[in-house]
Amino acid sequence: MSFSTEELTLSKNITDKNLIECLSQIRNSVEQLWTSDERIVRKYTDHGLNHSLRLISYTVKLLTACQKSIADYLNPLETFVLMAGIYLHDIGMQCDVLKWPEIKEVAINIYGAQFDTLFQASEIYNSYTVQEQQAIRKNHNNLGAAWVELAAVSENEFPLSRAIKSIPRMIVGDIIDVIRFHSTIPIEEFSSCPIDQHRILNQERRCFIAALLRFVDELDIESDRVDIETVKTFSFNASNAVFWWLHHNTKIMIEAGTEIISRGPIIQVCLLVNLAPMDIKNEKAVRYAYKYINHFITKNDTVVAVLQQGKLAISIDSKKSGVKEHRLMDKLPLPIINFIEELDSTSLKLGDIDKNHLVQNNEMIISKDVENISNNANQKFFYLSEIEKTSGIIKRNNLYERFDELLKSFKVITVEGISGSGKECFIKDYFKSQINVYNFNDILLYHAQPHETLDEFFLNLSTEFNLKNKFYFAKCKEFLDELQLQNKVLVIFNFDKVNQETFLEFIELGVQYAKDVHIILVNTTFVDNLKSPSLVGRLQVTEFTKPELKEFLTSKGLGYLKDELLSSLLEKTNALPLAIEVFCILVKHLGSIPENLLKGSLSSDSRLKSWFSSIASSLDQKNLKVLQVLSLCETPFNQNLANYIVRNNHADHGFEYLQKTYLIQKFSLYRWNVHRLFADFCKGHIGIEEKKDSHELLAQYYYRNAMNQFYQKDFKEQLRWLTQACLQFQYAENYKKSERILVDNAKLFKRFGFYELYIRLVSCELYNNAGRDLWLDYNFTHCCLIVGKIERAKKVMHRLVKKLDTISSIELKLSLIRLYAEILYESEQGPEALERFNIELNKLNFNNVHIGILNQVKQTEIMLLTELGDYVQAEEKCERILNDCIIKRREFSQAVALVRKGIIYEAQGKYDLEIDLLKRAAKIFEKYKDQRGESWAISHLGLCQIKLGDIKAGVDNLVNAISTKSNIGECSIDHKRVLEQIRDLNIDVNLSLKVKEELTRFSNLKY
């Protein structure tokens, strides 16, 4: 068979006739390999010669899209390596590992193939099991590489041996590398490839060729790739068949873009998925098709970056790609439609690619091979051990000596200094040099965000500290215990910006902690609201001294500057380390003249802004836009987020340049930051609408990652992403989406005890979202009630009660009425609570109300009747609930009713009737691991036992109950009343101490 037109076009770039002849032999041998009856991996996707010809066609289209010649991108030898790689890249799919075990051994021992399946010989011809085929498919790139190596060097005869032996030996290694990296292995790992006598191309060019092969292989997803009639004939599982149907409906467009960069027009690649008129009306089918497109875009992000570095200006155009109606397209079969509609709108599992975690739209696809890079992509902490020692950091001796003294004397230390004074550099460098002196295992560096609650702090650390308690005080103590056990120092940057109300109790616990623990709080302002200021050490980080300035400039290669200039530099910058760092960048990287930078009588702030402006003006508009969006990110940000923003702004090598000019600082492996002063400068130069768009872009990134975690069932990690998404949607003033997150995930926030975090997020909605879903108000008020913010809860509820008549949902009305009554009860307004409760209930029709909500309403009514002394009616209603719970097997509701009935007897002094009810309730709560319910039952049980004379059992139960309630931060009036009843009994020293501590805690609560 002669070469196709595209093969001839590409091969014309090869000037050596021997290499052309070699390609011909390879091509013919590969064609025979795929046309034989033997099929090892019996998938219905084409991997044979026709597939290779399509890849060559796409290669030609890409390299000639902008009227350039192939020689502009590839030299003759590179063209040969590419074409040989295209013909041979999938031969591993045809590797008979039982017949040729040597190939498998080399693939494992030399190229890192991993087989989880034990291959069994079979008497049936060409009979590999599905699992065995999957193992071969997974390792086909390494098998192909091993096959080429053995065929080239072994005396044994393998399939393709003659053709491969015709390849010049010095080029074999280049082809092997291209085959290996065309699939599976992250292209970023190409740097691990060896350089030896069997590789003639340099590493950068081999990587470029591998990326080009990988990309055109990914482009081969049009209808030619699959036989849709085969898919129709063999009733494949819909989860696999949907992938083939999408292939069948795909059209790839390659054209020269209108955008011009320094090396010419950008080559634009677009994906179009054509759907029949009936399917285009199906919202879920369209959404699923868009996910398929976006999966392709994000999956190839790194490959495109490699191609761009190799001078191939290419872009996958997300705006022009899309889903279109096509009147002649076949309608998707009913099983495919059913499969799509059954999936949640954020799930995507496309046949062979289900090993990847999908994120919607333009989000990164995170391969399990690089999971260690991006698993915690919004992580706000890192360890000092992850940071390389950087140049240009000087030892500030006076600060070192003072900090040494503080560490020996205090558990909590605040480090204070204005923004840009070098606090963070000082902390990092100090511990880098002193960590062995103190024998700390590591330093945990945490970057708090403005208004962050303690809930968020624990949520962000949840990947590192698996705290089992969900309640506030217990969680604080557990975290301090874990910190001490791991012998780590905690450093919290930006502590002065956090929600002080929620953090101060934690800091106080750290101050009073009995064991050796160290917490460093880094602030730009003086923190004066600590509860025990005399027990907290303080360090002030000040500006550079002249000797420090000299040392710093020398480390930056500017030690030649004259003394006169140094004095001027100190004066004009107020010796601020950050300002001096910016001065060095302008002189060293942008060629500014030092004297010109220090001219004039500008204030130090104005001068620094003008310097920032000079650096910013060195950026093109795209890179400036990237910097502005990154300035809006919570820091530190992850590499994937940076790539996402760079890609969305089509910035060419922007991230690298931003790092080079210090506009972006590297914190640790894969984590970066924009310095706060420069971020503030950038934010000030973004228009309001542009800023909203940027926040919307970030919100989409976080939300898609949250959905990814949902399908991995990592709900705590999902909450981290949801929190970031919600905040960004609020900054973008897209309250419709932030509201949806908060309403849909209220139970998730409560499940993990993140009440303060939920309160913080909903507070923004209460002030800004006038047309919000009132379930938000309900959940907000409920969280306030749980954490003891009664007055705040009451204020919101007063407004809600006035709106009751306008609310159409009967379940929402009932929930609000019940909650309002409980708030009034907690405020010791029992009579008013019952009156309002009955008035509102009498207006409602209870038909079709969920049984769970009805039971809650009835339990609240019993509580109010008991409070007002109507024990007969309260007991009757309680008995009805108990009978109903037994019949319907609602154990948890039964336990609540048992305690309610016990309290009715307690109020009447019938302790002998009460005791058995409370024991039964405690056992049920224990079964469901409900600490709040169990401590409620045993606190009344302990009181009852003391009243009946069983002092020891009563004291034990009360001590346990009070300890639990203290740990979970119990704030109920019921708990307070039990404490007041036993306060003056003086029957046990330990119990009296516990009671006193708890009543003190109650007195400190901010209602």
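The structure under discussion appears in the preceding block.
Scoring rules and cut-offs
Residues numbered from 1 in each chain as written. Predicted model: local features only at pLDDT ≥ 70, side-chain atom pairs only at ≥ 80, totals over all residues. Heavy atoms only, no water. Salt bridge = Lys/Arg side-chain N within 4 Å of Asp/Glu carboxyl O. Helix = DSSP H or I, 4+ residues; strand = E, 2+ residues; numbered from the N terminus. Buried < 20%, exposed > 50% of the residue type's maximum accessible area, 1.4 Å probe, protein only. Patch = residues over 30% accessible without salt bridge, like charges linked within 9 Å, V, L, I, M, F, W, Y side chains within 5 Å. Areas by Shrake-Rupley, 256 points an atom, 1.4 Å probe, with all protein chains shown as cover. Phe/Tyr/Trp six-rings, centres within 6.5 Å; stacked < 30°, edge-to-face > 60°. Lys NZ or Arg CZ within 6 Å of the ring centre and 35° of its normal. Pairing = 2+ DSSP bridges.

Draft legend 1. Broad picture of the pattern of salt bridges. Enumeration over the complete set of coordinates arrives at 32 salt bridges. Salt-bridge contacts for R205 lead to E78; the nearest nitrogen and oxygen are separated by 2.8 Å. Of the two residues, R205 sits in helix 10 (residues 203-219) while E78 sits in helix 4 (residues 76-88), which places them 127 residues apart along the sequence. Like R205, the residue E78 is buried in the burial classification. Notably, a salt bridge pairs E867 with R977, separated by 2.7 Å at the nearest N-O pair. You can see E867 sitting in helix 41 (residues 851-867) and its partner R977 sitting in helix 47 (residues 973-982), a full 110 residues away along the chain. Of the residues examined, R977 reaches a relative accessible area of 24% and is grouped as partly exposed.

Draft legend 2. Looking closely at a nonpolar patch on the surface. Taken together, I951, L985 and I987 make up a surface patch of nonpolar side chains, about 200 Å² in accessible area. As for its position among the elements, L985 is in the loop between helix 47 and helix 48 (989-1004). On the basis of relative accessibility, which here comes to 35%, the residue L985 falls in the partly exposed class.

Draft legend 3. The arrangement of the packing of aromatic side chains in detail. In total, this model carries 31 aromatic pairs according to the counting rule given. Their ring planes at 35° and their centres at 6.5 Å tell us that F752 and F754 sit as a pair that is tilted. For the pair F752 and F754, a shared accessibility class is recorded, and that class is buried. Three or more aromatic residues joined by ring pairs make a cluster, and in this case those are Y446, F457, F458, F465, F479, F495, F503 and F506. For the cation-ring pair, K104 lies above F115, with the distance from its terminal atom to the ring centre recorded as 5.4 Å.

Draft legend 4. Just the pairing of strand 7 (residues 442-447), in detail. Along strand 7, six of the six residues are buried, which leaves the element largely enclosed by surrounding structure. Neither face of strand 7 is open: one carries D442, L444 and Y446, the other I443, L445 and H447, and all of them are buried. Pairing between strand 5 (residues 381-383) and strand 7: three bridges, direction antiparallel. Paired with F381 across the bridge in strand 7 is Y446. Pairing of strand 7 with strand 8 (residues 488-493) involves six bridges; the strand directions are parallel. Across the sheet, the residue bridging to L445 is V491, located in strand 8.

Draft legend 5. Just unusual backbone geometry, in detail. Its identity is not glycine, yet L160 carries a phi of approximately 75°, on the positive side. Residue L160 is classed as buried on the basis of its relative accessible area, which comes to 10%. Phi at N574 is positive, roughly 55°, even though this residue is not glycine. Position of N574 among the secondary structure elements: in the loop between helix 24 (563-573) and helix 25 (577-588).

Limitation: the analysis is restricted to geometry and does not speak to function.
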